[in-house]
Amino acid sequence: MFSVEVRNRIMIAHSLPDPFFGPAQNLHGATFVVDVAFFREKLTAHNVVVDIGAALDVLGKTLEPLAYQNLDVLPHFKGKLTTTEFLCKYVFDRMAAAALSGALGDDGKTLSRIRVTLSETDLARASYEGPISG
């Protein structure tokens with residue numbers, strides 16, 4: 001299996017209002033390193049997995065509406081616990097939709113899988129990985 005991975009960063013604010021999260025129940029900031037890996041069994045006719053420039057562009061556009069925002073007040077996160085794991089799936093869904101729509105180029109439509117990893121620190125990270133389904 002071949003893979004290509006792109007990276008970006010995002011700074012957000014949020015709270016996790018449940019006693020399970022201890023001090024993280026309160027409003028706090030987080031800086032995430034966001035890695036998105038694209039997988040395919042065979043290289044394309046251009047001997048690549050995906051257009052890296054397009055992948056970087058789509059990742060940036062996916063993260064831009066969240067950058068420097070308090071996730072607690074964004075309508076689509078209302079009532080959600082915006083954990084790192086939850087945000088991985090949020091980014092995955094948008095990257096998978098972009099692949100299927102052709103935003104990653106025609107070859108993006110035939111990717112096998114995508115994995116999204118959000119690193120909170122060098123000691124803690126979460127991921128979501130799944131197939132591209134159309």
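See the structure above.
This is a predicted model, so every value here is computed, not measured. (Residues numbered from 1 in each chain as written. Predicted model: local features only at pLDDT ≥ 70, side-chain atom pairs only at ≥ 80, totals over all residues. Heavy atoms only, no water.)

A.B. asks: Please clarify how the pattern of salt bridges should be interpreted in this entry.
C.D. replies: Between side chains of opposite charge, a pair can form when the charged atoms approach closely. Tallying each qualifying case throughout the model produces 7 salt bridges. For the salt bridge of Lys109 with Asp106, the shortest nitrogen-to-oxygen distance reads 3.8 Å. Note on Lys109: relative accessible area 41%, which makes it partly exposed. Since its relative accessible area comes to 61%, Asp106 is described here as exposed. Glu129 is the salt-bridge partner of Arg115, the closest N and O atoms lying 3.8 Å from each other. Residue Arg115 is located in strand β3 (residues 113–119), and its partner Glu129 is located in strand β4 (residues 125–131); the two are separated by 14 residues in the primary sequence. (Salt bridge = Lys/Arg side-chain N within 4 Å of Asp/Glu carboxyl O. Buried < 20%, exposed > 50% of the residue type's maximum accessible area, 1.4 Å probe, protein only. Helix = DSSP H or I, 4+ residues; strand = E, 2+ residues; numbered from the N terminus.)

A.B. asks: So what exactly am I meant to see when it comes to helix α1 (residues 52–63) here?
C.D. replies: The α-helix winds at 3.6 residues per turn, so residues separated by three or four positions along the chain end up facing the same way. The end-to-end C-alpha distance of α1 is 17 Å, a good match for the 16 Å that 12 residues give at a rise of 1.5 Å each. For α1, the elements touching its buried residues are β1 (2–14), β2 (28–40) and α2 (84–101). (Expected span 1.5 Å × (residues − 1). Contact = heavy atoms within 4.5 Å.)

A.B. asks: In this structure, what is going on with the environment of Asn26? I would like to understand it.
C.D. replies: Take Asn26: it is sitting in the loop between β1 and β2. For Asn26, a relative accessible area of 52% gives the class exposed. Between the C-alpha atom of Asn26 and that of His14, which follows or precedes it by 12 residues, the distance is 8.0 Å. For Asn26, the contacting residues outside a window of four places in its chain are His14 and Ser15.

A.B. asks: I would appreciate a short explanation of the layout of surface pockets in the present structure.
C.D. replies: In this approach, a probe sized like a water molecule rolls over the atoms, and the result shows the empty space that is left. The space that makes up the largest pocket amounts to roughly 160 Å³. Lining the largest pocket are 13 residues; nearest its centre among them are His14, Leu16, Thr83, Thr84 and Glu120. Elements with a minimum of two residues in the lining of the largest pocket: β2, α2 and β4. Ranked by the residues each element gives to the lining of the largest pocket, the list is headed by β2, at 4 residues. In the lining of the largest pocket, the residues fall into 5 nonpolar, 5 polar and 3 charged. (1 Å grid on protein atoms, 1.4 Å probe; cavity = no way out; pocket = protein on both sides within 12 Å on 5 of 7 lines; lining within 4 Å. Points joined across faces, edges and corners; volume = space filled by probe spheres on them. Nonpolar A, V, L, I, M, F, W, Y, C, P; charged D, E, K, R; others polar.)

A.B. asks: Mind showing me how you'd approach unusual backbone geometry here?
C.D. replies: Note: most residues except glycine have negative phi, and most peptide bonds are trans. Phi at Asn47 is positive, roughly 60 degrees, even though this residue is not glycine. The residue Asn47 is located in the loop between β2 and α1 in this model. Residue Tyr68 is not a glycine yet carries a positive backbone phi of 60 degrees. Examined against the element boundaries, Tyr68 turns out to sit in the loop between α1 and α2.

A.B. asks: Any chance you could explain α2 here in plain terms?
C.D. replies: Over its 18 residues, α2 runs 26 Å from end to end, which matches the ideal 26 Å to within 8%, given 1.5 Å per residue. Among all positions in α2, only Thr84, Leu87, Cys88, Tyr90, Val91, Phe92, Met95, Ala96, Ala98 and Ala99 are buried. In this structure, the buried residues of α2 make contact with β2, α1, β3 and β4. Where α2 terminates, the next one or two residues include Gly102, which has phi positive at roughly 95 degrees.

A.B. asks: What am I meant to see in the sheet that holds β4 here?
C.D. replies: Note on sheets: strands pair through backbone hydrogen bonds, and any given pair is parallel or antiparallel. Here we have 4 strands laid out as an open sheet, ordered β1-β2-β3-β4, and antiparallel in their pairing. What marks the edges here is a single partner per strand, and that holds for β1 and β4. Averaged over all pairs of adjacent strands, the angle between their axes in this sheet comes to 15 degrees, without regard to strand direction. Relative to β3, β2 runs antiparallel, the two being bridged by 7 bridges. Directly across from Phe38, in β3, lies its bridge partner Ile114. (Pairing = 2+ DSSP bridges. Axes fitted to C-alpha atoms, helices over the stretch in contact; angles between N-to-C directions.)

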